[in-house]
Amino acid sequence: MPPPSPAAALTKPHKPYFFYGHRKPTQNRPTVRGGLFSNRQTLNPNKFNRPTAASHAAFDLQKWDPEDTLNHKPTYGRDPSERFFFLAKNLSPIARYIVDAFRNHKQWNPQLVAELNRLRRVTPKLVAEVLKFPDIDPGLSSKFFHWAGKQKGYRHDFACYNAFAYFLDRAKNFRAADQVPELMHMQGKPPSEKQFEILIRMHSDANRGLRVHYVYEKMKKYGVKPRVFLYNRIMDALVKTDHLDLAMSVYEDFKGDGLVEENMTFMILIKGLCKAGRMDEMFELLDQMRKNRSKPDVFAYTAMVKVLVSEGNLDGCLKVWEEMQKDGVEPDVMAYTTLVMALCEGNRVDKGYEMFKEMKEKKYLIDRAIYGSLIEAYVVDDRVGSACGLLKDLMDSGYRADLAIYNSLIKGLCTAKLVDRAYKLLQVTIREDLQPDFDSVNPILVSYAELRRMEEFRKLLEQIKKLGFSVAADLLKFFSGLLGKNDGLVMATEVFEYLKKHNYLSVPIYNILMEAFLENGEEKKALALFHELSLLDLVPDSSTYSIVILCYVEVGDVKEACTWYNKIKEMSSVPSIAAYCSLAEGLSRIGEIDAAMMLVRDCLANVTSGPMEFKYTLTIIHVCKLNDASNVVEVVNEMMEQGCQMNSVVYAAVIYGMSKHGTIEEARKVFSIMRESEFLREADIIVYDEMLIDHMKKTTADLVLSGIKFFGLESKLKARGCTFLPT
């Protein structure tokens, strides 16, 4: 026999080995213990594992985009069963078998029952485990619970009932969960306090206060007395959901059971009484709290103050503050801050300043927000000198004033006609790089406009332009605020004429000024601005043309208004609702009924929420198909009940509908009923009756012409010398 080759001698024989430990569970083999007979070279556990964080590229915060779709990866893979197995991996094998059977069958049927019957016995522990699984159809879990209870010699334990109650609440069937105590009683398992506590906790977490009280009444029915902790939970849920009277009735039962109140018990009720403004009852409870030797601490008093502040009850806040001082409780910084800021917001700055001085005497650390509240309150109270003194105090304390404080002071100085000082403060904000905004600049601009200091106005505009402000947008807001003042239109016109010389104007500014002239009844001035705008390089927009339509309708030139309406349509834009209403009413007044109704339909087709009058207009036209005046009057009465105004568009709708679908007699009945209801005057009836006759003639003529064209008689009539046909 030849000797083995050296290469064969060096090669180790292929030896399989046993890999001991827990195998990763799969759907068919939930848990495998023991040995896996495998090969060292083919076993690769990383092959089936999820990629770890280390396998991914390092996270770079600078490159992270929250809108990127790659960052919104699903928690699980594309396979929907992956989530199921991820959740089921912590279940026991038999529980996983049951849950997997639910997933496969998806409904309760004999096949599912047959699979469950293969199990020799389902224990209460197993039932509770299955009910705790989140992704199960509620109907299947309920039937499984009742099926398990029918097993021979089986009785649900408390854990099963608790899991069943949690499951029902998770499935949004909290009313069914409230019936679990009755189910326990029927099955010979009297409910204990724990079952009621679960229901109360579920309802209180969901802010269902009345349900909490319902469960509490059920506790009394079964003779279960809550502990102090559970009483507190019940009263707290009722107070939070604004059922204070029910909470007080529960407190009476609390005392009837001979229980001793805790600090928490008193504080729950006291906060509820503070919120409801029942201060006398609150002070009675506070006295009772002192008698029980459970005097409230500074945190309790601060909580009371916060509740009263949220309700705007400053008098109650001060009374509670006096009670705190009587008890010898030293208020902390939070209590002072809450009260001072509330007093400033409630226009009681003098009292707030007294509290502020107390804080300084006690050497408390005063927050910058307190300074800001006091300064703003002094500015509102037209005491800008005191506000400036507080600014100096703020800086002496080592703080740096923020932009909101400077904005308040600038506004106050401008109100006091001290615009030069306000301008200096603005320069301070620029030097300190606080990035002033429109609220910083606007009061100074308004003051310059009121004082007619136009050159300084322009220089300020140039300065804020260098700071990166959007001058066009800020000027638009400036004009909007200026027009709201007395004589604002006069000042706005002067500023407008000055800015026009320096090319600071834009189409929105023209629009807002034209609209102001229109509201002031000066339509011709608004139209003059429009013609001026047309001569410039600026391009009017749909808002400009909408204002022009309103102006032309007001001056009585409806046809010119229609020209600009067509211009808007050529731009593929939509007029404003006010332009639609005004033009439709103008067309109705001059007898252009068809054009007015077409405009109504166009408005409702293009506008998201059209005017209610237009919707009722189409309803009137539809009801006219019945040719019954009483039905039309019912729609008109409903329209009046909804707060809509009667106008010429409604009367035009009656004429249009009756001419197309009804008769002249029914239309006249509608107008006569409106006359009796004092919607119309006698002169109006005469005008609309003439419109009705003219429109009926026009409608009849259109029908005749349509019939001639339909039957091909047009050429024959023309051959016989007929001249009334259109060319």
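This structure is a prediction, so every number in the text was calculated from the model and none was measured.

Comments concerning the overall build of the protein chain
Helices and strands together make up the secondary structure of the protein chain, namely 39 helices and two strands. A separation of at least 24 residues holds for 59% of the contacts in the protein chain among residues at least 6 apart in sequence. Here the protein chain displays about 41200 Å² of accessible surface, and carbon together with sulfur accounts for 53% of that area.

With respect to the pattern of salt bridges
In the structure shown here, the tally under the stated rule is 43 salt bridges. A salt bridge links E494 to R452; its shortest N-O distance comes to 2.8 Å. Of this pair, E494 sits in helix 27 (residues 488–501) while R452 sits in the loop between helix 24 (438–450) and helix 25 (454–466); the two residues are 42 residues apart in sequence, bridging distant segments of the chain. Judged by its relative accessible area of 42%, R452 falls in the partly exposed class. Ionic contacts of the salt-bridge type, sharing partners, join the residues D287, R290, E323, K326 and D327 into one network.

Structural notes on helix 27
With 14 residues, helix 27 extends 20 Å between its outermost C-alpha atoms, agreeing within 8% with the 20 Å of an ideal straight helix rising 1.5 Å per residue. Buried residues belonging to helix 27 abut helix 24, helix 25, helix 26 (471–482), helix 28 (507–519) and helix 29 (523–535). At the C-terminal side of helix 27, N503 shows a positive phi close to 60°.

A few points about the packing of aromatic side chains
Each pair of aromatic rings is reported with the distance of its centres and the angle of its planes. Scanning the model with the defined rule gives 24 aromatic pairs in all. Here the aromatic rings of F196 and Y222 are separated by 6.2 Å at their centres, their planes lie at 40°, and the arrangement is tilted. Of this pair, F196 sits in helix 10 (residues 193–205) while Y222 sits in the loop between helix 11 (209–221) and helix 12 (228–240), placing them 26 residues apart in sequence. Look at F196 and you get buried, because its relative accessible area is 0%. Each ring, one from W321 and one from Y336, has its centre 5.1 Å from the other, and the planes form 65°; the classification is edge-to-face. Placement of the pair is W321 in helix 17 (residues 314–326) and Y336 in helix 18 (residues 333–345), with a sequence separation of 15 residues. As far as the burial class goes, W321 and Y336 line up, both buried. Through a chain of ring-to-ring contacts, three or more aromatic side chains come together here, namely Y353, F356, Y371, Y378 and Y399. A cation over a ring is seen here: K189 above F158, with NZ or CZ 4.9 Å from the ring centre.

Quick look at the environment of I198
The topology assignment puts I198 in helix 10. Sequence spacing of I198 and A165 is 33 residues, and the spatial spacing of their C-alpha atoms is 8.0 Å. Excluding anything up to four places from it in sequence, I198 contacts N162 and Y166.

Thoughts on the environment of D594
With respect to the helices and strands, D594 occurs in helix 33 (residues 593–606). For D594 and T699, which are 105 residues apart along the polypeptide, the C-alpha to C-alpha distance reads 9.9 Å.

Section: helix 22 (residues 403–415)
Under the 1.5 Å per step criterion, the end-to-end length of helix 22 is 18 Å for 13 residues, consistent within 8% with the ideal 18 Å. Of all 13 residues in helix 22, 10 are buried; the element is thus mostly enclosed. Among the residues of helix 22, those classed as buried are L403, I405, Y406, N407, S408, L409, I410, G412, L413 and C414. On the buried face of helix 22, the contacting elements are helix 20 (368–380), helix 21 (384–396), helix 23 (419–431) and helix 24.

Thoughts on the environment of G316
Position of G316 among the secondary structure elements: in helix 17. For the pair G316 and G277, spaced 39 residues apart in the sequence, the C-alpha separation amounts to 8.0 Å. Ignoring any residue separated from it by four or fewer positions in sequence, one finds G316 in contact with M279 and L308.

What about the packing of helix 20 against helix 22?
The contact between helix 20 and helix 22 brings their axes to 9 Å, and the two run at 15°. It follows from the interaxial angle that helix 20 and helix 22 lie roughly parallel. Judged by the sense of rotation from one axis to the other, the crossing of helix 20 with helix 22 is left-handed. Seen from helix 20, the contacting residues are R368, G372, I375, E376 and V379; seen from helix 22, they are I405, S408, L409 and G412. Looking at side-chain class alone, the contact of helix 20 with helix 22 contains four nonpolar, three polar and two charged residues.

Re the confidence of the model for the protein chain
For the protein chain, per-residue confidence averages 84 on the pLDDT scale, and residues scoring 70 or more make up 86% of the total. Confidence drops under a pLDDT of 50 for residues 6–11, and excluding neighbours within four residues, the segment shows zero contacts in the predicted structure. With pLDDT under 50 throughout, residues 16–21 is counted as low confidence; its partners more than four residues away or in other chains account for 18 contacts.

Description of unusual backbone geometry
Both trends apply: most residues other than glycine have a negative phi, and most peptide bonds are in trans. Here K363, not a glycine, exhibits a phi torsion of approximately 60°, which is positive. Structurally, the position occupied by K363 is in the loop between helix 19 (349–361) and helix 20. The exposed category is assigned to K363, whose relative accessible area is 75%. Backbone geometry at R452 places phi at a positive 60°, although glycine is not the residue there.

Some remarks on the side chain of E115
Structurally, E115 can be placed in helix 4 (residues 110–117). Buried and without a salt bridge, E115 has R118 as its closest oppositely charged side chain, separated by 4.8 Å. Dropping the residues within four chain positions of it, E115 is found in contact with Y97, A101 and H105.

Definitions and cut-offs
- Residues numbered from 1 in each chain as written.
- Predicted model: local features only at pLDDT ≥ 70, side-chain atom pairs only at ≥ 80, totals over all residues.
- Heavy atoms only, no water.
- Helix = DSSP H or I, 4+ residues; strand = E, 2+ residues; numbered from the N terminus.
- Contact = heavy atoms within 4.5 Å.
- Areas by Shrake-Rupley, 256 points an atom, 1.4 Å probe, with all protein chains shown as cover.
- Salt bridge = Lys/Arg side-chain N within 4 Å of Asp/Glu carboxyl O.
- Buried < 20%, exposed > 50% of the residue type's maximum accessible area, 1.4 Å probe, protein only.
- Expected span 1.5 Å × (residues − 1).
- Phe/Tyr/Trp six-rings, centres within 6.5 Å; stacked < 30°, edge-to-face > 60°.
- Lys NZ or Arg CZ within 6 Å of the ring centre and 35° of its normal.
- Axes fitted to C-alpha atoms, helices over the stretch in contact; angles between N-to-C directions.
- Parallel < 35°, antiparallel > 145°, perpendicular 65-115°, else oblique.
- Left-handed = near helix turned anticlockwise from the far one by under 90°.
- Nonpolar A, V, L, I, M, F, W, Y, C, P; charged D, E, K, R; others polar.
- pLDDT = per-residue confidence, 0-100.
- Lys, Arg positive; Asp, Glu negative; His and termini not counted.

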